[in-house]
Amino acid sequence: MKQLLWTTGLLIVQILILNHIQIYGYGTPFACIFPILLFSLDSPRWKILLLGFTIGIIEDIFINTPGVTAATFTALAMIQPALLKAVSPRDNDEKDFSPSARNLGWGNYIKYTLSACLIVSILFFTLETFSFFNYIKYLISIGSTWLATFFFIMAIERVRTAKI
Amino acid sequence: MNTLLNFIKKYFYWLLFIILEVISMIILFRGYNYQGSVWFTSANSVAGTVNSWYADAIAYINLKNINKSLTRENIYLQKQVADLRQALDKQTTQPSANERVVRDSLKDFSLIPANIVSNSLYKDNNYIIIDKGESDGISTDMGVVGGGGIVGIVFLTGPHYSLIMPTININSNISCRIRHSNYFGYLQWTGGGINTAYLNDIPHYAHVKVGDYVETSGYSSVFPPGIFVGRVTMIHNAPDGLSLQLKVNLGTDFSRLTDVCVISCKNRPEIDMISSQFKHFGIQEQQ
């Protein structure tokens, strides 16, 4: 329920505000991936995949990128458990270990978020441009989106952690 | 079964992931022209490559059948080539210039085709035996021609076989003339080469030159006039000094002769009858 609320709220913010932010005309922060990153290690994979796809499709409708965001977020949903496992403490036996700055520590959480944002940025712009002809623009777009998304997720996590 | 179900359950998310990605890609390629065209081109290329592999594999599998059919076809073609070669040989040897002259000359005569069953070439009294005899309408003193010109005269006949005295027999004596000048003489063979005979009794004043054509004169009922005999290769005086003797290169190659035609003159009985009456008259006159 909490996750649903996060999803709905972030989608609204994404659609109404973040989609209109163009960093020098290159990058757009994708804060709506945050709900995907909230899944714990024992979450059913199909649930993560469906959520990723749904968020992606909705985002596609609003930013007019048919299929690009859906494919990107579905891929992120597929590798999210692997990313989380990579930054989780090895001696952790709890299966419902949910990813947060408090549970992982800020260092690990930053790694987790940075890698997730990087994957999203690379996939999104690769699918959108579908060529490496203008690779400078491509790299700038990836970089700016990566950092912008990371910044917003950190901000949201900060708010969430403080709230908790 | 349970294991299978567990397996599917365990890895169901992979299937779901693929389905969702495929849906996304379909939307993507339909939504973007450029991506769609790149996909279409790549997909075509991939499909082309895969189809090419498939075609190669099928072709390889079918090689055995193809080999069989090729072998069959090869045998059939070989047979056809042999038949055509035979037909071509006939076509190229028969309608030679000489034979055309022979055919034209023989228009009013009926021809009885025959095959040579035996012949001799290197004796003084050479002979040829053909597989046609009296039962086929052959009688003595009929002329025999081949593709290259005259061959000889029927000398003896049996019911089914006949013996021919060829021009290359020292007893052969055939009336011939020089084409276009009409000087005539008698073709005789003196032995030796089977391609050469001599035309005797040509007068000294006759205009003859090397290369002239020699043909039958038609002064008998044996050969119609104008059948090719050979060409003059040498001109010299006859041993008696009274006439010219022409060395003639015979048109018929006796060493390769396999089939001939016997000339049946339609007017032969009439000629024979008149001839016999004349002889009878001559005898009576003498008496």
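Bear in mind the structure is a predicted one, so any value in this text is a computation, not a measurement. (Residues numbered from 1 in each chain as written. Chains lettered and ligands numbered in written order. Predicted model: local features only at pLDDT ≥ 70, side-chain atom pairs only at ≥ 80, totals over all residues. Heavy atoms only, no water.)

A. Here's a closer look at the overall build of chain A. Per the secondary structure count, chain A includes seven helices and zero strands. Put simply, chain A runs from its N terminus to its C terminus through helices and strands in the order α-α-α-α-α-α-α. For chain A, whose C-alpha radius of gyration is 15 Å, the value lies close to the compact-globule estimate of 15 Å for 164 residues. For chain A, the C-alpha atoms occupy an extent of roughly 45 × 30 × 30 Å along the three principal directions. Residues counted as buried form 48% of the 164 residues belonging to chain A. By sequence separation, contacts in chain A at least 24 residues apart represent 69% of the contacts at least 6 residues apart. Accessible surface computed for chain A: about 8200 Å², of which carbon and sulfur atoms make up 67%. Distance from the positive charge centre (12 side chains) to the negative charge centre (9 side chains) of chain A: 3 Å. (Helix = DSSP H or I, 4+ residues; strand = E, 2+ residues; numbered from the N terminus. Rg over C-alpha atoms; globule rule 2.2 N^0.38 Å. Buried < 20%, exposed > 50% of the residue type's maximum accessible area, 1.4 Å probe, protein only. Contact = heavy atoms within 4.5 Å. Areas by Shrake-Rupley, 256 points an atom, 1.4 Å probe, with all protein chains shown as cover. Lys, Arg positive; Asp, Glu negative; His and termini not counted. Charge placed at Lys NZ, Arg CZ, Asp CG, Glu CD.)

B. Focus on the domain arrangement of chain B. Domain assignment breaks chain B into domain 1 (2-61) and domain 2 (98-275). Look at where the C-alpha atoms of domain 1 of chain B and domain 2 of chain B centre, and you get two points 89 Å apart. (Domains from an automatic or database assignment.)

C. Representation of the environment of B:I150 within the structure. Residues and elements named next belong to chain B. Tracing the chain through its elements places I150 in strand β4 (residues 149-157). Residues I150 and G251, spaced 101 residues apart in sequence, show a C-alpha to C-alpha distance of 7.8 Å. For I150, the residues in contact, after removing those within four places along its chain, are V144, V145, T167, I174, L187, T216, F223, I227, F228, V229, T252 and F254.

D. Inspection of unusual backbone geometry at higher detail. Not every positive phi belongs to a glycine, and A:N64 is a case in point at roughly 55°. The phi angle at B:D141 is positive, at roughly 65°, despite the residue not being glycine.

E. Broad picture of the interface of chain B and chain A. The partner chain A presents 21 residues to the 18 residues of chain B that form the contact. When the buried area of chain B at its contact with chain A is split by residue, B:Y13, B:L20 and B:Y32 rank highest and sum to 31% of it. Inspection of the chain B/chain A interface yields two residue pairs in polar contact (both at pLDDT 80 or more). At the level of elements, α2 (12-31) and α3 (33-61) of chain B are the ones that each hand at least two residues to the side of chain B that touches chain A. Per-element accounting of the side of chain B that touches chain A gives the leading share, 14 residues, to α2(B). For the side of chain B that touches chain A, the per-class residue count stands at 14 nonpolar, three polar and one charged. (Buried area = accessible area lost by both parts, 1.4 Å probe. Polar contact = N/O pair within 3.5 Å; in protein donor to acceptor, adjacent residues only side chain to side chain. Nonpolar A, V, L, I, M, F, W, Y, C, P; charged D, E, K, R; others polar.)

F. Up close: the packing of helix α1 (residues 2-16) of chain A against helix α3 (residues 45-63) of chain A. Residue and element names in this part refer to chain A. At their nearest, the axes of α1 and α3 sit 11 Å apart, and the two run at 25° to each other. On the basis of the axis angle, α1 is roughly parallel to α3. Taken as a pair, α1 and α3 cross one another with a handedness that is right-handed. Residues T7, L11, Q14 and I15 of α1 form the contact with α3, whose participating residues are L51, I55, I58, E59 and F62. (Axes fitted to C-alpha atoms, helices over the stretch in contact; angles between N-to-C directions. Parallel < 35°, antiparallel > 145°, perpendicular 65-115°, else oblique. Left-handed = near helix turned anticlockwise from the far one by under 90°.)

G. Spotlight on the side chain of B:S120. All names here are of chain B. When you line up the elements, S120 lands in the loop between β1 (110-119) and β2 (128-130). Classification of S120 by relative accessible area gives buried; the value is 8%. Engagement of the side chain of S120 in a polar contact is seen with the side chain of N126, the distance being 3.3 Å. S120 has contacts with N125, N126 and Y127, leaving out every residue within four places of it along the chain.

H. A look at the nonpolar core. Counting 52 residues, the largest nonpolar core has A:I33, A:L49, A:F73, A:Y109 and A:Y112 as its most contacted members. Breaking this core down by element, the ones donating at least two residues are α1, α2 (34-37), α3, α4 (68-87), α5 (101-104), α6 (106-129) and α7 (135-163) of chain A together with α2 of chain B. Tallying contributions element by element places α4(A) first for this core, with 11 residues. B:I174, B:I178, B:V232 and B:V260 belong to the second-largest nonpolar core, a separate cluster that totals 44 residues. (Core = buried A, V, L, I, M, F, W, Y, C linked by side-chain atoms within 4.5 Å.)

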